[in-house]
Amino acid sequence: MRTLKDILYGVGLSAVSGSTSIMVNHICFDSRKVGKDDVFVAIKGLVSDGHQFIEMAIESGATSIVCEELPKKLDDGVTYIEVDNGNKALAIMASNFYGNPSKNLRLVGVTGTNGKTTVSSLLYQLFKKAGFKVGLISTIKIMVDNKEYATTHTTPDALAINKHLQLMNDAGVEYCFMEVSSHGIHQKRTEGLVFEGAIFTNLSHDHLDYHKTFAEYRDTKKKLFDQLPKKAFALTNIDDKNGLVMLQNTSAKKYTYALKSYANYRAQILENQFNGQLLKIDDNEVWSKLIGDFNAYNMLAIYATADLLGLEKLEILRLLSELENVDGRFQHYISKEKITAIVDYAHTPDALKNVLDTINTLRTGNENVITVVGCGGDRDKSKRPVMGHIATTLSNKVIFTSDNPRSESPTIIIEEMEAGVEAQNVNKTLSIVNRKQAIKTACQLAAAHDIILVAGKGHETYQETNGVREDFDDYKIVKELLVNLNK
């Protein structure tokens, strides 16, 4: 337990009613989880407003309330704190409650549209191989050295972040690599954290259902760099037209990486094959098991970060060659009939184009590329026709299907994807709402040496429809279907 006063350190207070010397058992922003002597933080969310549940929280045992608007009726014996931004207050309070654990770590944030999971996960992998105790907060999982915890968001809520960072402190973790999403930044989940560095991968069309404009999406990402301390490093991909924008207002030390431009860290692709690629980094050749231009950028970002964190350059190159691909990121299986199935998380236009461009670069031209793709429901609708256009332009056959339709009609989502298909490509397309049937059809259509791309879900192991999540694993399904096809 800590005093409310200690937990509120650094939070901008607009008004206080009651004592801040009271002891607090825990911080809650979900009124259903409130217990005796907890502080309840009322958050104005997209779906509900926590201010509506203040009385419920008090009835459940909350002795202090943090809110943006004080209730008209104040209960005796309850302390009320008014703040400008509930999300920001929650994040700072969470950091204080758990003893500001980020100060005891070398914490590096990774942001961008694509590549966040690969860069953060492989940095974790590299530093583990180098003999360090390492932490990871990613879309796929949270790792506290060797112990794995499940995660549901790219950037967890502020309480979950700080709780796991404290566990890392307890485990003696020295480095932590963390995906930082635009949602997480906008909702202030990373406030109060002390970053030693931040990495920008790239920026393309995504999350415009949430941010409304591309400029707002870009500027939200930029805030991670704006808030870095002077002693931190800011590493950006300057081949991306928004790369230098990230550095405009940062106080951190600025570094750049690129394949095409002059930069502090540069790489060149010497060979590209289905089993890996040969890169030249800092005049040294290194073999990577990850393929494609997008992974060349990822590997370069990892190399630069490891160098900035003090690892020896030749040791970094040796470790780069040992890194294994991340689940659901260009994860492939080759059947006995020489049909190659590739499962990738590509769920944005840019990511889909990158994966298909890579496949088309590696193929001989005699094979067919069969793409199975959908778009998520209750998300950015404007990218649907764009992804339909990209898939049909760069594939020989495309099967449009469901991809977490959520509360939307999967048929309507598919129709919106089909709207982007040019007339000459219409005969390339099929529409099969059932995702497993769509993957099965792709397997049945494929001949020896053909390539099947199953895009959109990657590492996810569920399909979400009308609030219900059912087990669904693209990689397991396509592998099983190809094995049975052989039989």
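The shown structure was predicted, so the numbers you read here are calculated from the model rather than taken from an experiment.

Regarding the overall build of the protein chain
The secondary structure content of the protein chain amounts to 15 helices and 26 strands. Counting only residues that meet the buried cut, the protein chain has 56% of its 487 residues in that class. Considering only contacts in the protein chain between residues 6 or more positions apart, those separated by 24 or more positions represent 64%. Total accessible area on the protein chain stands at roughly 20600 Å², and carbon and sulfur atoms take up 48% of it. Of note, the protein chain has its 56 positive side-chain charges centred 2 Å away from the centre of its 60 negative side-chain charges.

Things to note about the packing of helix α4 (residues 116–129) against helix α9 (residues 293–308)
Packed helix pairs are specified by the crossing angle of their axes together with the interaxial distance, meaning the distance between the axes. Taken N-terminus to C-terminus, the directions of α4 and α9 make an angle of 50°; their axes are 10 Å apart at the nearest point. Viewed along their axes, α4 and α9 adopt a mutual orientation that is oblique. As α4 runs across α9, the sense of the crossing is right-handed. Residues T118, V119, L122, L123, L126 and F127 of α4 pack against N295, N298, M299, A301, I302, T305 and A306 of α9. Among the residues forming the contact of α4 with α9, the class breakdown is nine nonpolar, four polar and no charged.

Concerning the environment of E367
Note that E367 resides in the loop between α11 (349–362) and β21 (369–373). Taking relative accessible area as the criterion, E367 reaches 11% and is therefore assigned buried. Along the chain, E367 and R435 lie 68 residues apart, while their C-alpha atoms are 23 Å from each other. Not counting chain neighbours up to four residues away, the residues in contact with E367 comprise N396, H449 and D450. One polar contact links the side chain of E367 to the main-chain amide nitrogen of G365, over a distance of 3.0 Å.

Considerations on helix α13 (residues 410–418)
Listed as buried for α13 are I413, I414 and M417. On an axial view of α13, the arc spanned by its buried residues comes to 100°, and they lie on one face. Looking at the buried side of α13, the elements it contacts are β21, α12 (383–394), β22 (397–400) and β23 (429–431).

What counts, and where the lines are drawn
- Residues numbered from 1 in each chain as written.
- Predicted model: local features only at pLDDT ≥ 70, side-chain atom pairs only at ≥ 80, totals over all residues.
- Heavy atoms only, no water.
- Helix = DSSP H or I, 4+ residues; strand = E, 2+ residues; numbered from the N terminus.
- Buried < 20%, exposed > 50% of the residue type's maximum accessible area, 1.4 Å probe, protein only.
- Contact = heavy atoms within 4.5 Å.
- Areas by Shrake-Rupley, 256 points an atom, 1.4 Å probe, with all protein chains shown as cover.
- Lys, Arg positive; Asp, Glu negative; His and termini not counted.
- Charge placed at Lys NZ, Arg CZ, Asp CG, Glu CD.
- Axes fitted to C-alpha atoms, helices over the stretch in contact; angles between N-to-C directions.
- Parallel < 35°, antiparallel > 145°, perpendicular 65-115°, else oblique.
- Left-handed = near helix turned anticlockwise from the far one by under 90°.
- Nonpolar A, V, L, I, M, F, W, Y, C, P; charged D, E, K, R; others polar.
- Polar contact = N/O pair within 3.5 Å; in protein donor to acceptor, adjacent residues only side chain to side chain.
- Arc of directions from axis to C-beta.

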